[in-house]
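Chain by chain, the residues:
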Amino acid sequence: MPQPAHQSQSQSMSNLHNHRMLKFIWSKGHQPNAERLRIQKDLFGFHKEVQHGFPNKPAAMAWDGELKLLAIATKHGALRVVGQPGVEFIGEHEQDQPVSKMIFIPGQGRLVTLTEDNFLHLWEINGTEITEKSSTHLDGRLKRVSVMCHDSIHNMVLLGTEGGNIYQLKLEIFTISENIIYQDIVMKGAPEDFKVNPGAVEGLLIQPNESERILIGYARGLIVLWDRKSSVASQTYVTSQQLESLAWRNDGSQFISSHNDGSFVIWSTQGNGEPLEPPNTPYGPYPCKSISKILWAHQNGSTWVVFSGGMPRASYGDKFSVSVMMGEDKHQVFDLSSKVVEFELFYDEESTNRPAGIFVLTEEELVTIDLATDSWPVFHAPYLNSIHASAITALIQVSNVSECVFTKLKEMGEAERKDKVSDREWPVNGGVVPEKSNKDASCHDLLVTGHEDGSVKLWSCGDSALALLLSVKTNKFFVGDELDEPFEEDEDEEEWPPFRRIGLYDPYSDDPRLAIKKLAFCRQSGRLLVGGTAGQVLVCELQDQAVEAKMLPIKVDLVTEKEGFAWKGHAALTIRTNEIKMEPGYQPSCVIQVSPPASINSLVSSKEWELAAIGTAHGLVLLDCIHQVAILTKCTLNAQDIANADDNPMSRRKSLKKSLRESFRRLRKGRSQRNIDKKRPGVPTDPIKKELRSESPESRPVERQVEARSGSEDGLGSMVRCLHFANTFIANPQTLSATLWAGTNSGQILVFLITLPGSEKRSSVKSSAILGKEIQLKHKAPVIAIEVLDAGGVPVHESNPDGAPAPHKVLIASEEQFKTFLLPTLKPSGKYKLTAHEGARIRKIGFTTFKSRADSNYMENCLMCLTNQGDISIHSLPEMRRQIQTNCVKKEDVIAISSFVFAPTGEAFYSCSSSELQRVSVAAGRIVRPSGYLQLAEDARPVAKEEKSAPASTTVDKPEEAPTIPAAPSPGDPHNDTTMSEVSGDITLDSVKDHTMSSISEHTSTVVSSSSSLTISRTVQVSESKTITTASSSGTAISTESTTKPTSPVNGENPTPEVHELADDLTHMTHISLDDPVEPDPEDIDPLAPLASMESTGSEFPSMISTTSEVQSV
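Residues numbered from 1 in each chain as written. Predicted model: local features only at pLDDT ≥ 70, side-chain atom pairs only at ≥ 80, totals over all residues. Heavy atoms only, no water.

A short note on the overall build of the protein chain
In step 1: When you go through the protein chain residue by residue, the secondary structure sums to 15 helices and 67 strands.
In step 2: In the protein chain, which comprises 1114 residues, the proportion classed as buried is 52%.
In step 3: In the protein chain, 61% of the contacts between residues at least 6 apart in sequence involve partners at least 24 apart.
In step 4: Counting only carbon and sulfur atoms, one obtains 48% of the accessible surface of the protein chain, whose full area is about 52600 Å². (Helix = DSSP H or I, 4+ residues; strand = E, 2+ residues; numbered from the N terminus. Buried < 20%, exposed > 50% of the residue type's maximum accessible area, 1.4 Å probe, protein only. Contact = heavy atoms within 4.5 Å. Areas by Shrake-Rupley, 256 points an atom, 1.4 Å probe, with all protein chains shown as cover.)

Focus on the pairing of strand S39 (residues 585-595)
In step 1: The element S39 is extensively covered by neighbouring structure, given that nine of its eleven residues are classed as buried.
In step 2: Here strand S35 (residues 536-543) runs beside S39; their pairing, made up of eight bridges, is antiparallel. Directly across from Leu542, in S39, lies its bridge partner Tyr586.
In step 3: One ladder, built from five bridges, connects strand S37 (residues 553-557) with S39; its direction is parallel. Following the sheet pairing, Pro553 is matched in S39 by Val591. (Pairing = 2+ DSSP bridges.)

A word on the sheet that holds strand S53 (residues 859-867)
In step 1: What the four strands build is an open sheet, ordered S52-S53-S54-S55; its pairing is antiparallel. Two strands bound the open sheet, and with one partner strand each, they are strand S52 (842-851) and strand S55 (882-887). Strand-to-strand twist in this sheet, taken as the mean axis angle between neighbours without regard to direction, amounts to 20°.
In step 2: Of the strand pairs in this sheet, strand S54 (residues 871-876) and S55 are connected by five bridges, and their pairing is antiparallel. Note on S55: the bridge partner recorded for Ile872 is Thr886. (Axes fitted to C-alpha atoms, helices over the stretch in contact; angles between N-to-C directions.)

Describing unusual backbone geometry
In step 1: With omega at 5°, the peptide bond leading from Gly284 into Pro285 counts as cis.
In step 2: At the junction of Ser595 and Pro596, the peptide bond is cis and its omega measures out at 0° in the coordinates.
In step 3: Along the chain, Pro596 turns up in the loop between S39 and strand S40 (602-606).
In step 4: Although it is not a glycine, Lys57 adopts a positive phi angle of roughly 55°.

What about the pairing of strand S15 (residues 210-218)?
In step 1: In the sheet, strand S14 (residues 201-207) pairs with S15 via six bridges, with the strands oriented antiparallel. By the bridge assignment, Gly203 is partnered in S15 with Gly217.
In step 2: The antiparallel hairpin formed by S14 and S15 contains two residues in its connecting segment, where Asn209 sits at a positive phi of about 70°.
In step 3: Where S15 meets strand S16 (residues 222-227), five bridges bridge the pair, whose relative direction is antiparallel. Considered in S16, the bridge of Ile216 is made with Val224.
In step 4: What sits between the antiparallel neighbours S15 and S16 is a turn of three residues, in which Gly221 has the positive phi angle 115°.

Re helix H2 (residues 34-43)
In step 1: Arg36, Ile39, Gln40, Asp42 and Leu43 are the residues of H2 that are buried. Down the axis of H2, the buried set is contained in an arc of 165°. They therefore lie on one face. In H2, the exposed positions that point more than 90 degrees away from the buried face belong to Ala34 and Lys41.
In step 2: Looking at the packing, one finds that the buried side of H2 touches strand S1 (44-53), S52, S53, S55 and strand S58 (916-923). (Arc of directions from axis to C-beta.)

Notes on the side chain of Thr867
In step 1: By secondary structure assignment, the location of Thr867 is in strand S53.
In step 2: Setting aside anything within four residues of it in sequence, one finds Thr867 in contact with Leu834, Ala840, Arg841, Ile842, Arg843 and Ile897.

Quick word on the nonpolar core
Side chains of a nonpolar character, in soluble globular proteins, are inclined to be buried together.
In step 1: Within the largest apolar cluster, 37 residues are counted, with the highest numbers of intra-cluster contacts made by Val112, Met148, Leu159, Leu204, Ile214 and Ile216.
In step 2: Top contributing element to this core by residue count: strand S10 (residues 145-150), with four residues.
In step 3: Listed in part, the 34 residues of the second largest apolar core include Val472, Phe477, Ile516 and Val530. (Core = buried A, V, L, I, M, F, W, Y, C linked by side-chain atoms within 4.5 Å.)

Examining the environment of Pro312
In step 1: Counting through the fold element by element, Pro312 comes out in the loop between strand S22 (302-309) and helix H5 (313-316).
In step 2: What makes Pro312 buried here is its relative accessible area of 11%.
In step 3: Leaving out residues up to four positions away in the same chain, Pro312 has contacts with Tyr283, Pro287, Cys288 and Gly317.

Some points on the packing of aromatic side chains
In step 1: Evaluation of the coordinates by the stated rule reveals 21 aromatic pairs.
In step 2: Between Phe900 and Tyr910 the ring centres are 5.6 Å apart and the planes differ by 10°, which places this aromatic pair in the stacked class. Here the residue Phe900 occupies a position in the loop between helix H13 (894-899) and strand S56 (901-902), and Tyr910 occupies one in strand S57 (residues 907-911), the gap between them amounting to ten residues.
In step 3: Among the aromatic residues, those joined into a ring-pair cluster are Trp63, Phe346, Phe359, Phe379, Tyr383 and Trp426. (Phe/Tyr/Trp six-rings, centres within 6.5 Å; stacked < 30°, edge-to-face > 60°.)

Concerning helix H6 (residues 403-416)
Since the α-helix packs 3.6 residues into each turn, any two residues three or four apart lie on the same face.
In step 1: Taking 1.5 Å of rise per residue, 14 residues should cover 20 Å, and H6 covers 20 Å from first to last C-alpha, within 8% of that figure.
In step 2: Residues Val405, Phe406, Leu409, Met412 and Gly413 constitute the buried set of H6. In a view along the axis of H6, the buried residues occupy a sector of 130°, so they form one face of it. For H6, the exposed residues lying more than 90 degrees away from the buried face are Cys404, Glu411 and Ala415.
In step 3: Buried residues in H6 make contact with strand S29 (446-451), strand S30 (455-460), strand S31 (467-473), strand S33 (516-521), S35 and S39. (Expected span 1.5 Å × (residues − 1).)

Brief notes about the pattern of salt bridges
In step 1: Applying the stated criterion to the full structure yields 30 salt bridges.
In step 2: Between Glu116 and Arg144 there is a salt bridge, with the nearest N and O atoms lying 3.8 Å from each other. Note that Glu116 is positioned in the loop between strand S7 (110-115) and strand S8 (119-126) and Arg144 in the loop between strand S9 (129-137) and S10, a separation of 28 residues in sequence.
In step 3: Salt-bridge contacts for Glu815 lead to Arg721; the nearest nitrogen and oxygen are separated by 3.9 Å. (Salt bridge = Lys/Arg side-chain N within 4 Å of Asp/Glu carboxyl O.)

Quick word on the sheet that holds strand S51 (residues 827-833)
In step 1: Here we have four strands laid out as an open sheet, ordered S48-S49-S50-S51, and antiparallel in their pairing. Each edge of the open sheet is held by one strand with a lone partner, namely strand S48 (783-789) and S51. Strand-to-strand twist in this sheet, taken as the mean axis angle between neighbours without regard to direction, amounts to 15°.
In step 2: Bridge count for S48 against strand S49 (residues 809-814) is six bridges, and the pairing is antiparallel. What sits directly across from Val783, in S49, is Ser814.

Brief notes about a positive patch on the surface
In step 1: Where like charges cluster on the molecular surface, the positive patch consists of Lys57, Lys75, Lys289, Arg313 and Lys339.
In step 2: Mapped onto the secondary structure, Lys57 falls in the loop between S1 and strand S2 (58-64). (Patch = residues over 30% accessible without salt bridge, like charges linked within 9 Å, V, L, I, M, F, W, Y side chains within 5 Å. Lys, Arg positive; Asp, Glu negative; His and termini not counted. Charge placed at Lys NZ, Arg CZ, Asp CG, Glu CD.)

Thoughts on the environment of Pro198
In step 1: Mapping Pro198 onto the fold places it in the loop between helix H4 (192-195) and S14.
In step 2: Each C-alpha atom, one on Pro198 and one on Gly164, is 7.6 Å from the other, the two residues being 34 residues apart in sequence.
In step 3: With near-sequence residues (within four places) excluded, Pro198 lies in contact with Gln183, Met187, Tyr218, Ala219, Arg220 and Leu222.

A look at the confidence of the model for the protein chain
In step 1: Overall, the prediction assigns the protein chain a mean pLDDT of 79, with 73% of residues at 70 or greater.
In step 2: This model gives residues 482-492 a pLDDT under 50, and the stretch forms one contact once residues within four places in sequence are excluded.
In step 3: A low-confidence stretch, residues 647-654 stays under pLDDT 50, and its non-local contacts, those more than four residues away or across chains, total 21 contacts. (pLDDT = per-residue confidence, 0-100.)

With respect to the state of the cysteines
Two cysteines form a disulfide when their sulfur atoms are joined by a covalent bond.
In step 1: Following the criterion strictly, the structure yields zero disulfides and no others.
In step 2: Summary of cysteine pairing: Cys540 is not part of a disulfide, and the nearest cysteine sulfur, belonging to Cys590, is at 8.8 Å.
In step 3: We classify Cys540 as buried; its relative accessible area is 1%. (Disulfide = S-S within 2.5 Å.)

A word on the environment of Pro757
In step 1: With respect to the secondary-structure elements, Pro757 resides in the loop between strand S46 (748-755) and strand S47 (768-776).
In step 2: The spacing of Pro757 and Ser767 is ten residues in sequence and 6.3 Å in space, taken between C-alpha atoms.
In step 3: In contact with Pro757, not counting residues within four places along its chain, are Arg762, Val765, Lys766 and Ser767.

Here you go:
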């Protein structure tokens, strides 16, 4: 019997209410409570720690010889200051402004940087941080700073500009001083040829032992020794070549200049201004490149000349070099493989006149040369290493390396570098590093990098500094191109200039097949497995003695039984058959050559079982390391893979035409089904069900349809992506078995059962393996990781002699989901779909045990995951519930995502640039940052004093400063003459200036015409515009551009302003507040009235003051 309408409606409303209540309860059930949130906060937390490697695109370098600190700034605005290992300060300029110049204030822990926008920034190091304290700037192109130097008492920085003027930056208040050294004043005693335009200031130095005298060098070749105290030129020097750089002799009696023709000239401060000797072109007589920078030093009669450039254009114009000449006896040209950015000398602490070495900053590396040792070797840097000396092609991180292995690696590395690098202490040793606890000191972590040239480098990464321990070169075990090698040593003795190759940066590889693709490292034994691009695998062991032996390759064929297969890729490398001398360190125990010679895609080693597994695009190989024989080969190719077995296989992605056709078909089908449902009679439309569908809880999220793949997107479904050894249950629930797990690009998982002979028979009986089980994922997504977990979610490895707590589960991570299976039944026990829910794909997997920072006894086992969107998510094990998710890298940064590697400590490493590795942490209790700090004396930094009311500042844009009305210069003032710059083609207004109080009070007259009815108030307010508009008694508006200081009250017809000056460039616009506002009628303005007024007083109207038709209310 049908229910009444009102009862049906009432029941529907009741169902809707109950559904909403259930939705509220379900949603609250999925949210963590306050206690869980607190635990998560103590366990997880994303932090960017430090950057390892060499700063990308360096632009400037500075050295503090008193504090022993070195600073490097980049074109991205990054700033890194380093001292001894563990002392590092990192800063960032706003908006990533490129840094063009930088200077240390010695002994104060302060830096002044100049950015491309002509802003000056003051940085201070306090404790463990460096912060920007203040900034100022100079407006106008002619005020662009071209050179900087600090004065002798370190309270001021002199700024040479492209316009030729020299400004003084007061460090105490970080403002531009009113005392400016004008180019036209300096030019008074110069030859007539230079008075028009001597060019930009290229050299600016304080004379040693004479703090009031500075050496000014202009681009066209004019050099002036200027006395700041008397404002006169002590001496003028003229060269015929364009000036590049200047340097003083230690005692200040002579100086040296370098020029654009590759020559340098020595001058004396005493005499008639002529050079002491003719120009010296060290690599002439043919045309040479310019010497961009030169340094000069004297010690016990020995003369040191260090310069960059100067090479003969025709023969060595492409060389990047720094030359060192010690007297007439010793001469060396250090040849570098990248452009020299900057270099600095540093001196012995005992003798400040003797150079102890050179810091050479190039675009790709920092090279430090020891000049105190006769052979001039290079220093071994404990940080700032060029990890990209050859491009990184493989990267792994190994935690908790055994003490004996780590010590042996360190000793082997020191022995390897013994005769190649300096044995003196690293010169950058500033700052203080706190003593480490025993717990921290016993932690040994390694970063292992494989490179394009076939080399492998092992780095210590347990601290904030990344230090090189040992390097391994694999190219010497293969036949390569050696045609140029035998002639290098013979040519060095007779070659001129006397070149010497230094630096490690070498981006070129002789053979691309040498590139390293996969690495495996055993932290207990130190065994290293190296997999290359051409199917070569080297099993290397640490050896204490040098040996000379032959290499016996192990050749393994994977595709012998497949008919129709033809390898079209590169050929295998030829392994050397003659005896090879191998130094102490890593020596290969065997070399495996897999055929077809495809790249090694996966690699795993077990020192416990003495086994190694290798995976390629065609299958896998199981190797017995004791007997050096392959005990298992498994080809994973199918018919479809054989058809596409090429070095550059065609993509299996559907063609555009086919994809469009199928898309239109689906749209047409969907529309037709919707139309049929709408037209079908008798279909009930229940509003309650509609409401339930629209407000359903989050218990089952909407899934994207993920279709099963017919093959991998890269065309190689047979590729073995991951390998894993585990001691687990596979045959039955009672017996532990040695197993090898392999996952392919097509979603196939192979489980091999390994039979190991007893320890007493291990040396005589080989191991064996058979295929035990096989799993095929329905969605056929590439398998990127396999891990066997115990009952607590801890990964199970082969090193567990008694096994791990049962039951065991195997976690299989594909690109689209995580899924767990019970062992040995392989019954599915859980899964987490990522692609179906969020559309992201899994790229990297890591496992770690997180420790609470509040309670070290509380731990949780978790899975870390990186997606193709650049997000890191953490999932608890074994239930796989997501704990947190955070963005780590940009999804567009493909290199960062592909190079990403997780560490068992809850950290990760990835390439943030071509030369740097970014280190991040998702563990709240594990944050690696520099712990060193800078300790200064109490009086190291001068205390800022309150500045007196000074004449108009031309550079500082401070809101608290109030400008005044400038006065017109006296008639016939030579500083008011405008100069046409040949370089810029602009009018130079820098010379329009008043210097003395007497000249101003004697000759100046006010810009504002006197009027009995016009009164100027006491204060002048700063506005954002750039024009001062006042009204004369005749109603004429006069516009002036200036930046000035507060003035005294001016009343009546005879205003008497304080010391002020006209701005030499367009800076600020001020708004004058008047007591009695007067609004002149624009039609009554007479533009010639001001000129007539100025003529009546005998004043010359300044060039910066112009009439305008624009009137502002006053």
